[in-house]
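Below, each chain spelled out in residue letters.
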Amino acid sequence: MAAPAAARRRVDELRREIAGHDHRYYVLDDPTIGDDAYDALLDELRELEAEHPELLTPDSPTQRVAGGTRPLDRFEQARHLEPMLSLGNARGADEFRAWEGRLHNRLRSLDIAPGELRFVAEPKIDGIAISLLYEGGEFVRGATRGDGVTGEDVTQNLRTIKAIPLRIDDAPKTIEVRGEIYFPRGAFAELNEQRASEGLSTFANPRNATAGTIRQLDPEITASRPLSIWCYGIGGHDGIEFATHSDELEWLRDHAFKVNGDVSGHETADEVVERCRWWEERRESLDFEIDGVVVKVDQRTLWRELGVSGREPRWAIAWKFPPITATTRLNKVVWNVGRTGRLLPFAMLEPVHVGGVTVSTATLHNEEDLARKDAREGDEVVVTRAGDVIPQVIAPLIQRRKGKRLRRAKPPKKCPACGTETVKPEESVWTICPNRRGCPGQNFQLVKHFRGAMDIEGLGEKNAMRFLDEGLITDPASIYDLTAERIAELDGFGETSAQALIAEIERSKQSPFGRVLYALGLPGIGWVNATAIGEHFGSIDALLDADAEAITEVDGIGPVLAESLREELADEAVLELIARLRERGLRFELSEAERRAEGGPLEEKTFVLTGTLPTLSRDEATRLIRAAGGKVTGSVSKNTDYLVAGDSPGTKLAKAEELDTEILDEDGLREILAEVGAPEPTPKQAALPPERQRR
Ligand code: IVH
């Protein structure tokens, strides 16, 4: 039975409306309706389609994962209408200018005036290249790049990406849209966290997660992961012409494709160079990974003249950033003892250039993480290093291990620092050196952490180690027994510098309770947790009296961490350290000023801080927020009201953007504080955690 005209009209209307909302949400990032209203539209459409199955078409938004779609056995081959090319590289300004010079020479030899050359600069997305084929406006096939001529047909999976339109209006006969699909960083971190908690292997980086997701034979799995896309060009086309690359991008935008808003046009190479540096500065704060900038000649008319060399067009180049990940060989796994006796693995690597420096050692985090990743001596591994972050081994390339018999690295039977037999308590994931008080390795690590946390000027890592070596100090508390006379005897110190150091050590006794708690170096108690615990309990005595359940009342502390903290606080060595520090006058309770203002105007409001603020230290910003009754937590979640972001903000910013959390800069924070009548902030003091602040 033919569907009544009214049903047909309504189905049409609903599809357009839903596609419009998908576009607003997934492409423009500017939704105009809420989830419930959106779901109501989809439900209505589903019902109508169920009633009138003859109206069902593949471009319906209900058909992104089509009902009855089966997992595939394998992917079909798909030949691109026009080959997908690759790009030549320029590492930095000199190589870029050399490319531009060659361009001019060619144009001159072809008798083309170079004066009118224009460039377009686009982020080079580090994802997976794909080609989307539209026929008569309908999305009919999507394929990976493959060898550039033929790729794999991953249409079913691409259909699940809501930023990809299933139908376009005013379409030419055929058109291939080219773009890069990617895993948003925030979502990637969540996916890995979830996989780790389920005991599954984690992805080495967002690109691998994208590749793994787009090559899923079951589209339901792809649909469950929030892939997105940036479109950057057009391949084969019939029934439309473009004079410039900018025209292509404009056409794409007009037809609901997602084109990056920071793509820019330039008249000169100088401008392009400046723009590439602009992108590089922003690299870390974007929600997608980029490994460079693609610079293209804008005039398509010149593309044919300039031609292609091998697989690389002469009219485009990739300005590549120094890599922040690299692949190298894991030569050996070495174990160190940490400040609480845990044995910690790190990797001795075949030296490799990453993030602008040569890396030959990297952390493998801990025993559990190492076992899960299963990196073995002899493996090829992916190493990453960003900014001043310690290099890390992310994952082995297991597929390259074939045929080799490599053994799993195991923690040593004896402590590498003191030779005591190591133990692995039942149920624990850690092997430890039980010689808590006597192990010089543990003491070394604890003093190192303590001095970093207390930020005593003049007691840098080198001096602290020297004092330990020479027997001037034995543990963190003994720092407070140092005398100017004793220090002045050391080479390199005079009376004045010794006295200045003693004054600094004295001053550090005024450090707030939260900082002292953090300085104790208890496992899992970083700065944010320590501050929250300090604030919750108000004094060390109240904390020592609390059971694990009471500790879980602190924001951000779950039962496992609470239990481990409880055990730590029952450990003789820890209690003795607390007692010794207390005797020497360190603060083990909150001052009046620090107590959070109950019922303050910012009660109910949760803040997260990231990056370095221009004038406020982290301590100060935290204190001000708390004084007004607000909460400061360590990570961005649905419950976060504001992210206060400074310079070098890191992934918290990406996460906040993904969750639509309000983002403030320092001025924004000051405005909110002023609105609620908080006291004027004081100028920047040493910010916490200090070892992270000094760059
Ligand atoms: S243009 C000739 N533009 O880079 C044009 N490619 O090394 C070739 N890519 O396979 C592609 N972002 O996967 C172009 N804005 C962008 C890009 C981009 C990332 C990737 C693409 C390509 C590879 C070339």
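Here, the structure is the one placed above.
Residues numbered from 1 in each chain as written. Predicted model: local features only at pLDDT ≥ 70, side-chain atom pairs only at ≥ 80, totals over all residues. Heavy atoms only, no water.

Asker: Explain the packing of aromatic side chains to me, please; I cannot follow it from the model alone.
Answerer: Any two aromatic rings considered together are summarised by their centre-to-centre distance and by the angle between their planes. Within this structure, the stated rule accounts for 18 aromatic pairs. Summarising the aromatic geometry, the rings of Tyr134 and Phe139 are spaced 5.4 Å apart at their centres and angled 40 degrees between planes, so their arrangement reads as tilted. By the burial criterion, Tyr134 is buried, and Phe139 matches it. The interplanar angle of 20 degrees and the centroid separation of 6.3 Å between the aromatic rings of Trp251 and Phe257 together place this pair among those described as stacked. Each member of the pair, Trp251 as well as Phe257, carries the same accessibility label: buried. Through successive ring pairs, a cluster of aromatic residues spans Tyr134, Phe139, Phe242, Trp251 and Phe257. Sitting over the ring of Trp230, Lys258 keeps its end group 4.1 Å from the ring centre. (Phe/Tyr/Trp six-rings, centres within 6.5 Å; stacked < 30°, edge-to-face > 60°. Buried < 20%, exposed > 50% of the residue type's maximum accessible area, 1.4 Å probe, protein only. Lys NZ or Arg CZ within 6 Å of the ring centre and 35° of its normal.)

Asker: In this structure, what is going on with the site of the ligand? I would like to understand it.
Answerer: Near the ligand there are 14 residues, and of these Glu122, Ile125, Ala129, Glu180 and Lys296 occur at the shortest range. Separating a nitrogen atom of the ligand from a side-chain N or O atom of Glu122 is a distance of 2.7 Å. One nitrogen or oxygen atom from the side chain of Lys296 is found 3.1 Å from a nitrogen atom belonging to the ligand. Look at the ligand: alone it shows 520 Å² of surface, and the protein chains cover 87% of it. Only strand 3 (119-125) and strand 10 (290-297) provide two or more residues apiece to the shell around the ligand. (Near = heavy atom within 4 Å. Polar contact = N/O pair within 3.5 Å; in protein donor to acceptor, adjacent residues only side chain to side chain. Areas by Shrake-Rupley, 256 points an atom, 1.4 Å probe, with all protein chains shown as cover. Helix = DSSP H or I, 4+ residues; strand = E, 2+ residues; numbered from the N terminus.)

Asker: Can you help me understand the sheet that holds strand 9 (residues 264-266) in this one?
Answerer: Backbone hydrogen bonds hold the strands of a sheet together, and the pairing may be parallel or antiparallel. Reading across the sheet, the five strands line up as 2-13-10-3-9 and stay open at both edges, with mixed pairing between neighbours. Each edge of the sheet is formed by a strand with only one pairing partner; in this case those strands are strand 2 (88-90) and strand 9. Strand-to-strand, the axes of this sheet are offset by a mean angle of 35 degrees, without reference to chain direction. Taken together, the five bridges between strand 10 and strand 13 (residues 316-320) define a ladder with antiparallel strand orientation. Each residue of the ladder has a partner; that of Val294, found in strand 13, is Ala318. Helix 8 (residues 245-254) rests against strand 3 and strand 10 of the sheet, and its axis sits at about 55 degrees to strand 3. (Pairing = 2+ DSSP bridges. Axes fitted to C-alpha atoms, helices over the stretch in contact; angles between N-to-C directions. Contact = heavy atoms within 4.5 Å.)

Asker: I'm lost on helix 20 (residues 559-568) in this one. Help?
Answerer: An α-helix turns once every 3.6 residues. As a result, residues three or four positions apart point the same way. Among all positions of helix 20, only Ala562, Leu565, Arg566 and Glu568 are buried. The buried side chains of helix 20 occupy one side of the element, clustering within an arc of 160 degrees when seen end-on. Of the exposed residues in helix 20, the ones pointing more than 90 degrees away from its buried face are Pro559, Val560 and Glu567. In this structure, the buried residues of helix 20 make contact with helix 17 (527-537), helix 18 (540-545), helix 19 (548-551) and helix 21 (572-583). (Arc of directions from axis to C-beta.)

Asker: For this particular structure, what's the right way to read the pairing of strand 5 (residues 138-144)?
Answerer: Counting buried positions over the seven residues of strand 5 gives five, a clear majority of the element. As paired strands, strand 4 (residues 128-135) and strand 5 are joined by six bridges and run antiparallel to one another. Within strand 5, the position partnered with Glu135 by the bridge is Glu138. Linking two consecutive strands that pair antiparallel, namely strand 4 and strand 5, is a turn of two residues; a positive phi of about 55 degrees is found at Gly136 within it.

Asker: Would you mind going over the pairing of strand 7 (residues 174-182) with me for this structure?
Answerer: Residues in a regular strand project their side chains so that they alternate between the two faces of the sheet. Burial of strand 7 is extensive: nine of the nine residues sit out of reach of the surface. Burial of strand 7 is two-sided: the residues Thr174, Glu176, Arg178, Glu180 and Tyr182 facing one way and the residues Ile175, Val177, Gly179 and Ile181 facing the other way are all buried. Bridge analysis of strand 4 against strand 7 gives eight bridges, and the strand direction is antiparallel. Directly across from Glu135, in strand 7, lies its bridge partner Thr174.

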